[in-house]
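This is what each chain is made of:
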Amino acid sequence: MFRDDKMIEAGGVLSLQALEGVDMSNHEGQLNLILVVDDDELVRRMMCDALVAAGFAVVEAASGEAAVDQFREREPAGVLLDVHLPGIDGFATCRELRKLPGGDLTPILMVTVTADPELIHLTFESGATDFIAKPVDPTILGYRVRYMLRAARVAQELRRNQERLLLSQQIAGLGYWEWDLQSDQLTLSPEAQIVFGFPAEEAVDYRSYLTRVHPEERQVVDLALKESLDGPQDFNLEHRILWPDGQVRHVHAQARVVRDSEGKAIRVNGTLHDVSDRLQTEARLVENQAHLNYLAYHDALTGLPNRLLFQDRFNHAIARSRRLSYQVAILFLDLDQFKKVNDSLGHEVGDQLLREVAGRLRGCAREADTLARLGGDEFVLLLEEVDGMNAASAAAKKIIKRLLPTFRVGGFELYTTASIGIALYPSNGTSVEELMKCADVAMYRAKERGRNNFQFYTPDMNARAQEMLLLESGLHQALERGELEIYYQPQLEMESGEFIGTEALLRWNHPTRGLLLPAEFLPLAEETGLILAMSDWVLHTACRQNRIWQEAGYPPMPVAINITPRMFQQALLLRMVSRALSASGLEARYLELEVTESMIMDNVEAAIQTMTELSRMGISLAIDDFGTGYSSLSCLRRLPINKLKIDRIFVGDLTNNKNDAAIAASVIALAESMNFGVIAEGVENEGQRCFLQERGCRQAQGFFFARPLPVAQVEKLFRRPSPVDRG
């Protein structure tokens, strides 16, 4: 019912289209298409009819060449192949089929004329799966083919399982070995050969196996295996394998002894697991954990113990002190003027300086002491087993002396000193918090007394500390209470005496201490984070006041405002300036922002971007304190600045100090050559004014012209016809 003459195409192939709707798969879902190859049409038709009747689909070929083509095109599940064919015979055809994709697994049933042994031998040598002799019984043929397919599928599944097992062993680094005790030969799986480092063709006996075991563990492995042969215990051991090239592998070997019916050991079956990667991973994990522990308790920059480890060491020191009745000293160090290094030379140089300082401080600590970095430029030295103030004084003097020589960092010669505060246990406190607080207070007293010295904590120091706390508390409320005020210092054209602008300078009308200058509270504002809110207030207030003066009829002129480092971030600063101009109605050309060289050099590219955006808004830009930093000419020419401001430290003594005079003259010449404006600050006498004017500086501010004044007094100056006596 599955084949008739209408189902045969011109090429002698059973039409698969004609079999549409016929189930051509077995119960396992495999395609049951059989390629029938015979040059005898009657025999071929008989075999095709028998196979179709048995439930197979068939495709025919009358020659070996046609068979190869049909196999390549149809990919049959099995082949029925006659030995005697025109052209290439059945043996050659079988060999060709085996070479094709999938041909190595396809079952081939060779049809022979007789069951001659020589013929059968050639049949299997050519790669046939089985043979059947003519005449072929049609009834039996279907069963033979079905059995052949089933056996082939079992073999294929077994092969796939073996491949999966081998792949799993390769992935897991797991090898199999068997030791035949009678022949003393070892059979190794491919993976075991790889682990041992044996070539695939090399015969391996027990002695050669032992040569690959690391010499330091060879006797242990030999003994453990022999104990397994003599006793009930299995072999289970981790050991090393040494390859001829010196490479070491770590393995986990397991084995079980196989015995005969009399209990005599006849062979040993074992597995070999390459655990080298696992052990390396575990070692890395241990190393990483140790590194994480180190990072958790050490300062990343200097490698010194951090605050956590210092506190732990302190607790141990106190416990020992209580048992042995001795004192403990804490020396709290803060580097003097370190912020200037960071601001002027950059954080990279600052960090390198901290590392150099840490190296010198290590030489001041005894083996039992603990030197830690708390952060920033703050260090602390914990002295154990001290006899009081003498030992602490000696340590502090040693530190000060060690820091005196020049530090060579990043091509610069730098000098730094330290202010040191000392607190003693138990006289100044019994906890690390108490002692650190006392040492901190003493350190600030050392700074007040000129820096580069040490001070022991005394109870009267608390009064000063409390004073600073009260100042900080009042600063938090100064904005809300309206205690902040802006004074304005006029800027003038020295030749004509005409006002050309003002600089806004912040003051604090403290309720009990009176008028405070910026130096008395701005560092505290920076430290507490209040500087941003205060800067924003100054920006809005100064813009609004300038607009009020213009509306009152005073000549329009710019107001200059100092930008703090924390403001100098593009998104923040641009938003603050834009809001201040919008809220006040002041035109951008009447606002001048002053930035320092150190702020620019801290991140040149970001500074250029920020200043460019401000310039596009129409705002004038000036470099404040010019000459005190390290900006380069290549950097200056890229900055969209309008003015250079000569710092007061060069103006103050320029009539007596040749170096200051040369620097001031150079700044003026530089500004002229680069088409910048230039203004001098801190002008206090006629000699300074004359010097500056003679060298081309036309604008100035300072006490010689006017002090910083509140709004009402500035307006009085504006109303005077001639602000400067040009006598």
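Residues numbered from 1 in each chain as written. Predicted model: local features only at pLDDT ≥ 70, side-chain atom pairs only at ≥ 80, totals over all residues. Heavy atoms only, no water.

Visitor: Residues and numbers for the overall build of the chain, please.
Guide: When its secondary structure is counted, the chain shows 25 helices and 27 strands. Computed over C-alpha atoms, the radius of gyration of the chain comes to 48 Å, more than 25% over the 27 Å expected from 2.2 N^0.38 for 727 residues, which places it beyond the range of a compact globule. If you line up the chain on its principal axes, its C-alpha atoms span 140 × 80 × 45 Å. Put simply, the chain has 727 residues, and 47% of those count as buried. Put simply, of all contacts in the chain between residues at least 6 apart along the chain, 61% involve residues at least 24 apart. Carbon and sulfur atoms provide 51% of the accessible area of the chain, an area that totals close to 36600 Å². Within the chain, the 102 negative side-chain charges are centred at a point lying 8 Å from the centre of the 76 positive side-chain charges. (Helix = DSSP H or I, 4+ residues; strand = E, 2+ residues; numbered from the N terminus. Rg over C-alpha atoms; globule rule 2.2 N^0.38 Å. Buried < 20%, exposed > 50% of the residue type's maximum accessible area, 1.4 Å probe, protein only. Contact = heavy atoms within 4.5 Å. Areas by Shrake-Rupley, 256 points an atom, 1.4 Å probe, with all protein chains shown as cover. Lys, Arg positive; Asp, Glu negative; His and termini not counted. Charge placed at Lys NZ, Arg CZ, Asp CG, Glu CD.)

Visitor: For a nonpolar patch on the surface, give the residues involved together with the corresponding values.
Guide: A cluster of nonpolar side chains, contributed by Leu292, Tyr294 and Leu295, occupies part of the molecular surface with about 280 Å² of accessible area. Looking at Leu295, the relative accessible area reads 41%, which means it is partly exposed. (Patch = residues over 30% accessible without salt bridge, like charges linked within 9 Å, V, L, I, M, F, W, Y side chains within 5 Å. Salt bridge = Lys/Arg side-chain N within 4 Å of Asp/Glu carboxyl O.)

Visitor: Mind laying out helix α8 (residues 218-230), listing which residues take part and the relevant values?
Guide: With 13 residues, α8 extends 19 Å from end C-alpha to end C-alpha; this agrees with the ideal 18 Å at 1.5 Å per step. Looking at α8, one finds that the buried residues are Val221, Asp222, Ala224, Leu225, Ser228 and Leu229. Buried positions in α8, seen along its axis, are confined to an arc of 165° and lie on one side of it. Seen from the buried face of α8, the exposed residues on the opposite side, beyond 90 degrees, are Gln219 and Asp230. On its buried side, α8 packs onto β6 (174-180), α7 (206-211), β9 (235-242), β10 (248-259) and β11 (265-274). (Expected span 1.5 Å × (residues − 1). Arc of directions from axis to C-beta.)

Visitor: Quick rundown of the side chain of Arg249? Include the residues and the values.
Guide: Along the chain, Arg249 turns up in strand β10. A polar contact is formed between the side chain of Arg249 and the side chain of Asp274, at a distance of 2.9 Å. For Arg249, the contacting residues outside a window of four places in its chain are Val195, His239, Arg240, Ile241, Trp243, Asp274, Ser276 and Asp277. (Polar contact = N/O pair within 3.5 Å; in protein donor to acceptor, adjacent residues only side chain to side chain.)

Visitor: Go over the pattern of salt bridges, please, and point to the residues and values.
Guide: As enumerated under the stated definition, the model contains 34 salt bridges in all. As a salt-bridge pair, Lys226 and Asp222 come within 3.2 Å of each other at their nearest N and O atoms. Placement of both Lys226 and Asp222 in helix α8 is noted, with a separation of four residues, approximately one turn of the helix. A relative accessible area of 42% places Lys226 in the partly exposed class. Each member of the salt-bridge network shares a partner with another, and the members are Glu503, Glu594, Lys645 and Glu681.

Visitor: Run through the side chain of Glu594, naming residues and quoting values.
Guide: With respect to the helices and strands, Glu594 occurs in strand β23 (residues 591-596). A polar side-chain atom of Glu594 sits 2.8 Å from a polar atom in the side chain of Lys645. Other than its neighbours up to four places away in sequence, Glu594 contacts Gln491, Glu503, Ala560, Ile561, Asn562, Ile563, Ala622, Asp624 and Lys645.

Visitor: Could you give me a rundown of the pairing of strand β3 (residues 78-82), with the residues and numbers involved?
Guide: In terms of burial, β3 is largely enclosed, as five of its five residues are buried. By the alternation rule, side chains of β3 split into Gly78, Leu80 and Asp82 and Val79 and Leu81, which are all buried. Taken together, the four bridges between strand β1 (residues 33-37) and β3 define a ladder with parallel strand orientation. Bridge pairing in β3 places Val37 opposite Leu81. Sheet topology note: the β3/strand β4 (residues 108-112) ladder contains four bridges and is parallel. Directly across from Asp82, in β4, lies its bridge partner Val111. (Pairing = 2+ DSSP bridges.)

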